Amino acid sequence: MKTKYLLSALAMAAVLASPAWAKNLTLPVVSKGYQHEFFQTVKMGTEAAAKELGVSTSFVGPADETQIAEQIQLLENTMAKRPDGILLAALDANALAPLVESANSRGIKVVTFDSGVNSAIPASFVATNNVKAGAQAADALAAAIGNKGKVGVIAHVAGTSSAIERSEGFIKQMKEKYPDITVLPVQYSDGDPQKAMDKTTDMVQANPDLAGIYATNEGATLGVANAVDSLGIKGKVKVIGFDSTEAIIGFLRAGVLQGFVVQDAYQIGYQGIKALDYAINGKAVAKVIDIPVKYVSMDNIDDPAVDKLLHPFGKKK
């Protein structure tokens, strides 16, 4: 009898002492969107990490990257389900900060990815170093235009930290390294290809001596490339983009784009879920996890390593 009670006591002690990872954690993702291939690849990374760790995850985001109110509602709905943690890409660094504080007060761990919040609460921020990536784009565009001329920037969403940092990194690099290049004021397109196309057309018409354009995300890149192609100024106005789709790759091969910066979206999602799991379990996690980017041009697009990065889902037949 004593042995039975002893075994029961030991079993209970083991349960009480068991770490958080012994239960099936729920780690949902609240994204900036889902319509771009970038976010679909992030989702694939989060699902792979969740499967590996034995945790549950889900993925939601507004239909449009301007829908801050909708993202706030999605985050509130997610918190109401009392998950163990949330992986968040904020559409607005200020507007989402109070909700992160609310999550923290409820004991919900938060890790941010791609675009962070103006708060010290998130356990980690997993993303491209957007300032460095912007500087890489500046170097590429400067080389394409012979280190002199007038260039424009078509960015995505004005309040998003990724758009701000990619633009700032680009402008700072141009100012410090290329004194003979003039950068026009940043134009925001909300990441919408049609808006980016319209902004590009207006920029070209207002600046007939325009030498180049830098686009800061997938939607902006597609819009700029379509405008340059339809205006018949391919090669005259050089373009460096950001993010990758089959259409963007096609524009590069056609000479409309001179290159683009591509993020490792899969690793951003994968490392985001792992960081969240680590934080919940009291394991050490870096405050910032930098996922390196790759600059892609016709010089390296057919390299096997680059091809794998560009086609995380495999090539379409």
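Look above for the structure.
Our subject in this report is the structure included herewith. (Residues numbered from 1 in each chain as written. Predicted model: local features only at pLDDT ≥ 70, side-chain atom pairs only at ≥ 80, totals over all residues. Heavy atoms only, no water.)

### Structural notes on the environment of Gly241
Mapping Gly241 onto the fold places it in strand β10 (residues 238-242). Of the residues examined, Gly241 reaches a relative accessible area of 0% and is grouped as buried. With 17 residues separating them in the primary sequence, Gly241 and Val224 have C-alpha atoms 8.5 Å apart. (Helix = DSSP H or I, 4+ residues; strand = E, 2+ residues; numbered from the N terminus. Buried < 20%, exposed > 50% of the residue type's maximum accessible area, 1.4 Å probe, protein only.)

### Quick word on unusual backbone geometry
Positive phi values are uncommon outside glycine, yet Arg82 reaches one of about 55°. Looking at the element boundaries, Arg82 is found in the loop between α3 (68-80) and β3 (85-88). The phi dihedral of Asp243 falls on the positive side, at around 80°, and the residue is not glycine. Along the chain, the position of Asp243 falls in the loop between β10 and α9 (246-253).

### Points about the packing of helix α2 (residues 37-53) against helix α10 (residues 265-280)
Orientation of α2 relative to α10, taken along the N-to-C sense of each, is 40°, at an axis distance of 6 Å. Comparing their axes, α10 and α2 come out oblique. Like other packed secondary-structure pairs, α2 and α10 cross with a definite hand, here right-handed. Across the interface between the two elements, Phe38, Thr41, Val42, Met44, Gly45, Thr46, Ala48, Ala49, Ala50, Glu52 and Leu53 from α2 touch Ala265, Tyr266, Ile268, Gly269, Tyr270, Ile273, Lys274 and Asp277 from α10. Across the contact of α2 with α10, the residue classes tally to twelve nonpolar, four polar and three charged. (Axes fitted to C-alpha atoms, helices over the stretch in contact; angles between N-to-C directions. Parallel < 35°, antiparallel > 145°, perpendicular 65-115°, else oblique. Left-handed = near helix turned anticlockwise from the far one by under 90°. Contact = heavy atoms within 4.5 Å. Nonpolar A, V, L, I, M, F, W, Y, C, P; charged D, E, K, R; others polar.)

### With respect to helix α8 (residues 218-230)
With 13 residues, α8 should cover 18 Å at 1.5 Å per step; its first-to-last C-alpha distance of 18 Å lies within 8% of that length. Within α8, ten of the 13 residues are buried, which leaves it mostly tucked inside the rest of the structure. Check the buried side of α8 and you find it contacts α2, β6 (149-155), α7 (193-206), β9 (210-215), β10 and α9. The distance from a side-chain oxygen at the start of α8 to the backbone nitrogen of Gly219 is 3.3 Å, and the residue carrying that oxygen is Asn217. Positive backbone phi, at 70°, marks Gly232, one or two positions downstream of α8. (Expected span 1.5 Å × (residues − 1). Polar contact = N/O pair within 3.5 Å; in protein donor to acceptor, adjacent residues only side chain to side chain.)

### Here we look at the pairing of β3
The side-chain alternation of β3 yields two buried faces, one formed by Gly85 and Leu87 and the other by Ile86 and Leu88. With two bridges connecting them, strand β1 (residues 29-30) and β3 associate as parallel partners. Bridged to Val30 within β3 is Leu88. Between the parallel elements β3 and strand β4 (residues 109-113), the chain passes through helix α4 (residues 97-105) in a crossover that is right-handed. (Pairing = 2+ DSSP bridges. Right-handed = clockwise from strand over helix to strand, strands pointing away.)

### Details of the nonpolar core
Grouped together as the largest cluster of nonpolar side chains are 28 residues, with contacts concentrated most on Leu257, Phe260, Val296 and Leu310. Of all the elements in the fold, those that place two or more residues in this core are α7, β9, α8, α9, β11 (259-262) and α11 (304-310). Counting residues per element, this core draws most heavily on α8, at five residues. Once residues lying within four places of it in the same chain are set aside, the contact partners of Leu310 are Glu37, Ser244, Ile249, Phe260, Val262, Val296 and Ile301. Counting 25 residues, the second-largest nonpolar core is a separate cluster that includes Phe38, Val126, Ile268 and Ile291. (Core = buried A, V, L, I, M, F, W, Y, C linked by side-chain atoms within 4.5 Å.)

### Topic: the side chain of Asp243
Although Asp243 lies buried, it forms no salt bridge, and the closest oppositely charged side chain, Arg166, sits 4.2 Å away as judged by the N-O distance. A polar atom in the side chain of Asp243 sits 3.3 Å from the backbone nitrogen of Glu218. Discounting residues that sit within four places of it in the chain, Asp243 has contacts with Phe38, Arg166, Asn217, Glu218, Ile248, Phe260, Val261 and Gln263. (Lys, Arg positive; Asp, Glu negative; His and termini not counted. Salt bridge = Lys/Arg side-chain N within 4 Å of Asp/Glu carboxyl O.)

### Let's talk about the packing of aromatic side chains
Note on aromatic pairs: each is described by the distance of the centres and the angle between the planes. Per the stated rule, a full pass over the model turns up three aromatic pairs. Ring plane angle 75° and centroid distance 5.1 Å describe the contact between Phe38 and Phe39, whose orientation is recorded as edge-to-face. Here the two residues Phe38 and Phe39 agree in accessibility, since each one is buried. Residues Phe170 and Tyr214 carry aromatic rings whose centres are separated by 4.4 Å and whose planes lie at 20° to one another, so their mutual orientation is stacked. In this pair, Phe170 sits in helix α6 (residues 161-177) while Tyr214 sits in strand β9, placing the two residues 44 residues apart along the sequence. The same class applies to Phe170 and to Tyr214, which are both buried. (Phe/Tyr/Trp six-rings, centres within 6.5 Å; stacked < 30°, edge-to-face > 60°.)

Note that every value here comes from positions in space, so none of it alone points to a role or purpose.
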